[in-house]
Amino acid sequence: MIDTQGACAEWTFPAEPDSVRTARRVVRDTLRAWRLEQDLGDLTVLLVSELVTNSLRYAYGPIGVRLLRVPPEHDGQPWPEAHPEHGGHPSPALLVEVSDPLPDPPRERLAGPEDEGGRGLQLVACSARRWGTRKGRSGKTVWFELALPG
């Protein structure tokens, strides 16, 4: 874990089933420390859980989770110039990233009423202000953004 008292926290989890539970716990604990649990806790934990589960199901190797509180301006630069992979935003946000070694981007599926899976990305797409994927040096990152209260 890195700097949970500041604006960023990140973890790396092994590709094991218990990692989903551990990711939920540390994300909730971090949001509590940042005084964001009441406003964003349940939704953030749900979406992280879905994305970490997807990584476990389809990828191999370590899974990274990163939370970043982002002001409208970052380091004196507007958000697009500071982080071009995420685009700009008009208000403070919580950026959440889940990374894994599989380079292929996830595909949104339309789950039927009786399907047991296939809803994770639908939940992200419907709940986040915006979301996307990007390729990394080894693998990919799925990210989503939630508006911070206030």
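The sections below set out a description of the structure shown in this document. These numbers were taken from a predicted model, which means no experiment stands behind them. (Residues numbered from 1 in each chain as written. Predicted model: local features only at pLDDT ≥ 70, side-chain atom pairs only at ≥ 80, totals over all residues. Heavy atoms only, no water.)

Counting buried positions along strand 5 (residues 93-100) gives 7 out of 8 residues, so the element sits mostly inside the fold. Alignment of strand 2 (residues 63-70) against strand 5, held across 7 bridges, turns out to be antiparallel. Across the sheet, the residue bridging to Gly 64 is Ser 99, located in strand 5. Two strands pair when backbone bridges link them, and strand 5 and strand 7 (residues 139-147) are joined in this way by 8 bridges, in the antiparallel orientation. When the sheet's bridge partners are listed, Ala 93 is paired in strand 7 with Ala 147. (Buried < 20%, exposed > 50% of the residue type's maximum accessible area, 1.4 Å probe, protein only. Helix = DSSP H or I, 4+ residues; strand = E, 2+ residues; numbered from the N terminus. Pairing = 2+ DSSP bridges.)

Running from amino to carboxyl end, helix 2 (residues 37-58) crosses helix 4 (residues 120-127) at an angle of 145°, the nearest separation of the two axes being 9 Å. When the axes of helix 2 and helix 4 are compared, the crossing they make is left-handed. Of the residues in helix 4, those in contact with Leu 43, Leu 46, Leu 47, Glu 50, Leu 51 and Asn 54 of helix 2 are Gly 120, Leu 121, Leu 123, Val 124 and Ser 127. Taken together, the residues of the contact of helix 2 with helix 4 sort by class into 7 nonpolar, 3 polar and 1 charged. (Axes fitted to C-alpha atoms, helices over the stretch in contact; angles between N-to-C directions. Left-handed = near helix turned anticlockwise from the far one by under 90°. Contact = heavy atoms within 4.5 Å. Nonpolar A, V, L, I, M, F, W, Y, C, P; charged D, E, K, R; others polar.)

Its boundaries defined by the atoms lining it, the largest pocket holds a volume of some 520 Å³. Elements that contribute at least two residues to the lining of the largest pocket include exactly helix 2, strand 5, helix 4 and strand 7. The leading source of residues in the lining of the largest pocket is helix 2, at 7 residues. Here the lining of the largest pocket is composed, by residue class, of 10 nonpolar, 7 polar and 10 charged. (1 Å grid on protein atoms, 1.4 Å probe; cavity = no way out; pocket = protein on both sides within 12 Å on 5 of 7 lines; lining within 4 Å. Points joined across faces, edges and corners; volume = space filled by probe spheres on them.)

All chains considered together, the criterion is met by 11 salt bridges. With a closest N to O distance of 3.9 Å, Asp 29 and Arg 25 form a salt bridge. Highlighted residues: Asp 29 and Arg 25, both in helix 1 (residues 18-33), separated by 4 residues, approximately one helical turn. Given the relative accessible area of 34%, Asp 29 is considered partly exposed. (Salt bridge = Lys/Arg side-chain N within 4 Å of Asp/Glu carboxyl O.)

We now examine the sheet that holds strand 7. Pairing is antiparallel in the open sheet, where 5 strands are placed in the order 1-2-5-7-6. The open sheet has two edge strands, strand 1 (8-13) and strand 6 (130-136), and neither has a second partner. For this sheet, the mean angle separating the axes of adjacent strands, direction not counted, is 15°. Packed on one face of the sheet, helix 1 meets strand 1, strand 2 and strand 5 and runs near 170° to strand 1.

Let us now look at the pairing of strand 6. Pairing between strand 6 and strand 7: 7 bridges, direction antiparallel. Of the residues in strand 7, the one forming a bridge with Trp 131 is Phe 144.

Running from N to C, helix 1 and helix 2 cross one another at 155°; their axes reach a closest spacing of 9 Å. Taken together, the axis directions place helix 1 and helix 2 in an arrangement best described as roughly antiparallel. As helix 1 runs across helix 2, the sense of the crossing is right-handed. From helix 1, Ser 19, Val 20, Ala 23, Arg 24, Val 27, Arg 28, Leu 31 and Arg 32 reach across to helix 2, where they touch Glu 37, Leu 40, Gly 41, Asp 42, Thr 44, Val 45, Val 48, Ser 49, Val 52, Thr 53 and Leu 56. By residue class, the composition of the contact of helix 1 with helix 2 is 9 nonpolar, 5 polar and 5 charged. (Parallel < 35°, antiparallel > 145°, perpendicular 65-115°, else oblique.)

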